[in-house]
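Read off the chains here:
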Amino acid sequence: MNTRRDFFQKLLGAGLGMYSLQIPETLRLLQSESLKSPGRKIIATWNNQKAVEAAWKVLSQNGSALDAVEAGARVPEADPEDTSVGYGGFPDRDGEVTLDACIMDHLGRSGSVMFVRNIKHVVSLARRVMEKTPHVYLAGEGAERFAESEGFPKENLLTEKARKAWEEWLIKAEYKPKINAERHDTIGILAQDHLKNLSGACTTSGMAFKMKGRVGDSPIIGSGLFVDNEVGAATGTGLGEAVNRKVGAFSIVEMIRQGMHPQKACRKAIERLCSIQDYGEFQVGYIALDHKGQIGAYSLRKGFQYIVVEEGKIKLFDSDYHFH
Ligand code: ASP
């Protein structure tokens, strides 16, 4: 299902906790540059290695955290193999791919789009909403019209692979709002740049075979993403309904504000989810990065991975989790 993650799991073996990944030569050069001015950091959900490489390339050339998270999020959006983001994402139950994304910068500005069809780079569209409109959220047809006026190409986002998966699903058409952690590559990405500024982005095609119009947590500021430059940033992945009910990312940043380490804040936010009973075996994974550059991650169940870049080194981690 997920070739990139399968590849690394085979390569590295499961359950090791932390893995150092191979850095391509171009990034190695950028890494030695960046070591002259440390402090830059990236954390992203899942094994989104190519995404963090793209983000690191921006940071290591003194680019902004905002440019870095956008560059990172665009990578899975363009990847047809990634079935939970952008082009190649699994469609809703009517066979249509609909995307959600948001972005937030160090000035506390935010932009978000949801229920967007035929536009691949919704993270960039969310950034345009933030920078070019007086609004935070644009949805559906309005967001699509805005994309057109901004020159975003209209594309068919349904790949053959996703169409086949949908057709298989149609045979039983069982509607279960449940997210299997092993099969998700939705990206939430946080970065701190050389000026110590924080930004974050999140982009997804949402739950596979969802009801038409369903929106999860990923484009919801405060749930799927929150950034406060003085404090820290948080984002997540998993069952959006659960995250939305507890306003996940904002609650993590607020706990960091009160002096908690990002790791403990992520754990506490996951523990809060446990009062939700009615979704059965759902998964949620949170990641956080505070203004001091400290990171945290925690998930409800086994299987969540996150990826970190510091001083140019890329490391993949198995997250700690609540239910053992
Ligand atoms: N959080 C996303 C949603 O509920 C899905 C995911 O993380 O894969 O739409």
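Residues numbered from 1 in each chain as written. Predicted model: local features only at pLDDT ≥ 70, side-chain atom pairs only at ≥ 80, totals over all residues. Heavy atoms only, no water.

K.L.:
Mind laying out the side chain of Asp-228, listing which residues take part and the relevant values?
P.N.:
Along the chain, Asp-228 turns up in strand E8 (residues 225–228). Classification of Asp-228 by relative accessible area gives buried; the value is 17%. Within the structure, Asp-228 has its side chain in polar contact with the side chain of Arg-257 (distance 2.8 Å). Contact partners of Asp-228, with chain neighbours within four places excluded, come to Leu-198, Val-253 and Arg-257. (Helix = DSSP H or I, 4+ residues; strand = E, 2+ residues; numbered from the N terminus. Buried < 20%, exposed > 50% of the residue type's maximum accessible area, 1.4 Å probe, protein only. Polar contact = N/O pair within 3.5 Å; in protein donor to acceptor, adjacent residues only side chain to side chain. Contact = heavy atoms within 4.5 Å.)

K.L.:
An account of the packing of helix H3 (residues 49–60) against helix H4 (residues 65–78) is requested, with residue identities and associated values reported.
P.N.:
At their nearest, the axes of H3 and H4 sit 7 Å apart, and the two run at 155° to each other. Here H3 lies roughly antiparallel to H4, going by the angle between them. In terms of crossing hand, the pair formed by H3 and H4 is right-handed. Residues Lys-50, Ala-51, Ala-54, Ala-55, Val-58 and Leu-59 of H3 form the contact with H4, whose participating residues are Ala-65, Asp-67, Ala-68, Ala-71, Gly-72, Val-75 and Pro-76. Across the contact of H3 with H4, the residue classes tally to 10 nonpolar, 1 polar and 2 charged. (Axes fitted to C-alpha atoms, helices over the stretch in contact; angles between N-to-C directions. Parallel < 35°, antiparallel > 145°, perpendicular 65-115°, else oblique. Left-handed = near helix turned anticlockwise from the far one by under 90°. Nonpolar A, V, L, I, M, F, W, Y, C, P; charged D, E, K, R; others polar.)

K.L.:
Can you explain the pairing of strand E9 (residues 232–238)? Please cite residues and give values.
P.N.:
E9 sits mainly inside the fold: 7 of its 7 residues count as buried. Here E9 shows a buried face lined by Gly-232, Ala-234, Gly-236 and Gly-238 and a second buried face lined by Ala-233, Thr-235 and Thr-237. Inspection of the sheet shows E8 paired to E9 by 4 bridges, in the antiparallel sense. By the bridge assignment, Leu-225 is partnered in E9 with Thr-235. Remark: 3 residues form the turn of the hairpin made by E8 and E9, two consecutive strands paired antiparallel. When E9 meets strand E10 (residues 284–290), the two strands line up antiparallel, connected through 7 bridges. Residue pairing for E10: Ala-233 is matched across the bridge by Leu-289. (Pairing = 2+ DSSP bridges.)

K.L.:
Talk me through the environment of Gln-294; I want residue IDs and the actual numbers.
P.N.:
With respect to the helices and strands, the residue Gln-294 is situated in the loop between E10 and strand E11 (295–299). Placed 32 residues apart in sequence, Gln-294 and Pro-262 show a C-alpha to C-alpha distance of 6.7 Å. Not counting chain neighbours up to four residues away, the residues in contact with Gln-294 comprise His-261, Pro-262, Ala-288 and Leu-289. Only 2.7 Å separates the side chain of Gln-294 from the side chain of Asp-290, close enough to count as a polar contact.

K.L.:
Break down the pattern of salt bridges for me, citing the residues and quoting the values.
P.N.:
Taken as a whole and judged by the stated rule, the model has 20 salt bridges. Linking Asp-67 and Arg-127 is a salt bridge whose minimum nitrogen-to-oxygen distance equals 2.7 Å. You can see Asp-67 sitting in helix H4 and its partner Arg-127 sitting in helix H5 (residues 122–132), a full 60 residues away along the chain. Using a relative accessible area of 33% as the deciding quantity, one classes Asp-67 as partly exposed. A salt bridge links Arg-127 to Glu-131, with the shortest nitrogen-to-oxygen separation between them at 3.1 Å. Of this pair, Arg-127 and Glu-131 both sit in helix H5, separated by 4 residues, roughly a single helical turn. A relative accessible area of 39% places Glu-131 in the partly exposed class. One network of salt bridges, in which partners are shared, links Asp-67, Glu-70, Asp-105, Arg-109, Arg-127 and Glu-131. (Salt bridge = Lys/Arg side-chain N within 4 Å of Asp/Glu carboxyl O.)

K.L.:
Give a detailed account of H3, specifying residues and quantitative values.
P.N.:
The first and last C-alpha atoms of H3 sit 16 Å apart over 12 residues, in line with the 16 Å expected at 1.5 Å per residue. A large share of H3 lies buried, amounting to 9 of its 12 residues. Looking at H3, one finds that the buried residues are Gln-49, Ala-51, Val-52, Glu-53, Ala-55, Trp-56, Val-58, Leu-59 and Ser-60. One or two residues past the end of H3 sits Asn-62, with phi positive at roughly 60°. (Expected span 1.5 Å × (residues − 1).)

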